[in-house]
Amino acid sequence: MNSKRIMMIASITLMLILLPQNVFAMHIMEGFLPPAWCISWGVLTIPFLAYGLYSLRKLTTESSKVKLLLAMAGAFVFVLSSLKIPSVTGSCSHPTGTGLGAILFGPAIMSVLGIIVLLFQAILLAHGGLTTLGANTFSMAVVGPFVAFAVYLIVLKAKGPRSLAIFLAATLGDLATYITTSIQLALAFPDPTGGITVSAAKFLGIFAVTQIPLAISEGILTVIIFNAIMNYLKGDELQSLKIFSKGAAR
């Protein structure tokens, strides 16, 4: 593996992080969810984090060279999830970036990278929050990556082109995050007359205006980045790094 090339990609990504950006909001903000829901989503996320830590430790033990690529995947999530587009009614939408890492390392590891990103954003950028960390992690770093990975495998098993598999994985993984967030908000704040279903429909409608084109854009960008990585890493290097989950290295 040409470590200098990987370092170059990581450096460019990290430089993008440092670019100044206008901040509107992101994820579910601090103090927005009732305490019971904050605790519930946090508890639900713990098993995924535990397995993710186990998978991450196993991966880095088998191949220490993969750490640079892991850092790049984490930086990719940080950059994309910090690009906020104002939506209707004062809300905002943003890409997630978790599809790329889910394809490379599997969805479990992305739960760990995702919570690290969300924690840094909550503390340093006031995006999201500490009390809502469990809910945000579950939607962006658990549901999104698992949906992305499942879509990727399904398309490959159906003999679809890899580029199509990557595009659909990143796009639908992004949309799955926002569907989950809408459901989380609907559960916490049901509509007075229509209940959870009507409330979820309202939140989905708010995000859909900007989230659908953002998800498509993320799918295209993920294909470009993935192909760039594949061009820099040869077949033998990919096998030695063990970066693909079983069944995904096609």
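Residues numbered from 1 in each chain as written. Predicted model: local features only at pLDDT ≥ 70, side-chain atom pairs only at ≥ 80, totals over all residues. Heavy atoms only, no water.

Examining the confidence of the model for the protein chain
And then number 1: Of all residues in the protein chain, 79% have pLDDT values of 70 or greater, and the mean over the chain is 81.
And then number 2: Of all secondary-structure elements in the protein chain, the lowest mean pLDDT belongs to helix α1 (residues 3–17), at 48, while helix α6 (residues 133–157) reaches the highest, 94. (pLDDT = per-residue confidence, 0-100. Helix = DSSP H or I, 4+ residues; strand = E, 2+ residues; numbered from the N terminus.)

Quick look at the nonpolar core
And then number 1: Ranked by size, the top nonpolar core spans 39 residues in total, and within it Leu 70, Phe 105, Ile 109, Tyr 152 and Phe 226 carry the most contacts.
And then number 2: Contact partners of Ile 109, with chain neighbours within four places excluded, come to Gly 52, Ser 55, Leu 56, Leu 59 and Leu 70.
And then number 3: In terms of nonpolar packing, the next biggest core, distinct from the first, is built from 16 residues, Ala 135, Phe 138, Tyr 178 and Leu 185 among them. (Core = buried A, V, L, I, M, F, W, Y, C linked by side-chain atoms within 4.5 Å. Buried < 20%, exposed > 50% of the residue type's maximum accessible area, 1.4 Å probe, protein only. Contact = heavy atoms within 4.5 Å.)

Points about the packing of helix α2 (residues 35–62) against α6
The packing of two helices is summarised by the inter-axis angle and the distance between the axes.
And then number 1: At a minimum axis separation of 8 Å, α2 and α6 run at an interaxial angle of 40°. Taken together, the axes of α2 and α6 are oblique relative to one another. With respect to the hand of their crossing, α2 and α6 are arranged in left-handed fashion. Between α2, through Trp 41, Gly 42, Leu 44, Thr 45 and Phe 48, and α6, the contact on the second element is made entirely by Gly 134, Ala 135, Thr 137, Phe 138, Val 142 and Phe 146.
And then number 2: Its residues assigned to classes, the contact of α2 with α6 shows 7 nonpolar, 4 polar and no charged. (Axes fitted to C-alpha atoms, helices over the stretch in contact; angles between N-to-C directions. Parallel < 35°, antiparallel > 145°, perpendicular 65-115°, else oblique. Left-handed = near helix turned anticlockwise from the far one by under 90°. Nonpolar A, V, L, I, M, F, W, Y, C, P; charged D, E, K, R; others polar.)

Brief notes about the pattern of salt bridges
And then number 1: Within the structure shown, the criterion is met by 1 salt bridge.
And then number 2: Lys 202 serves as the salt-bridge partner of Asp 191, at 2.6 Å between the closest nitrogen and oxygen. Of this pair, Asp 191 sits in the loop between α7 (162–188) and α8 (195–232) while Lys 202 sits in helix α8, and the two are 11 residues apart along the sequence.
And then number 3: Asp 191 gets classed as buried once you look at its relative accessible area, which sits at 13%.
And then number 4: By relative accessible area, which is 47% here, Lys 202 ends up partly exposed. (Salt bridge = Lys/Arg side-chain N within 4 Å of Asp/Glu carboxyl O.)

Observations regarding the packing of aromatic side chains
And then number 1: Under the counting rule described, the total for this entry stands at 6 aromatic pairs.
And then number 2: Centroid distance Phe 48 to Phe 138: 6.1 Å. Interplanar angle 70°. Geometry classified as edge-to-face. Remark: Phe 138 occurs in helix α6 and Phe 48 occurs in helix α2; sequence separation between them is 90 residues.
And then number 3: Since its relative accessible area comes to 27%, Phe 48 is described here as partly exposed.
And then number 4: An aromatic cluster is defined as three or more aromatic residues linked by ring pairs; in this entry it consists of Trp 37, Trp 41, Phe 48, Phe 138 and Phe 146. (Phe/Tyr/Trp six-rings, centres within 6.5 Å; stacked < 30°, edge-to-face > 60°.)

Overview of α6
And then number 1: Relative to the 36 Å expected for 25 residues at 1.5 Å per residue, α6 spans 35 Å between its end C-alpha atoms, a close match to the ideal helical length.
And then number 2: Gly 144 marks the point of greatest bend in α6, at about 25°, and the proline Pro 145 comes within the next four residues.
And then number 3: Burial analysis of α6 places 20 of its 25 residues in the buried class, the great majority of the element. (Expected span 1.5 Å × (residues − 1). Bend = angle between axes of the 7 residues up to and from the residue.)

Let's talk about the packing of α7 against α8
And then number 1: Put simply, α7 and α8 touch, their axes get as near as 7 Å, and they point 155° apart. In terms of orientation, α7 lies roughly antiparallel with respect to α8. When the axes of α7 and α8 are compared, the crossing they make is right-handed.
And then number 2: Across the contact of α7 with α8, the residue classes break down as 21 nonpolar, 8 polar and 3 charged.

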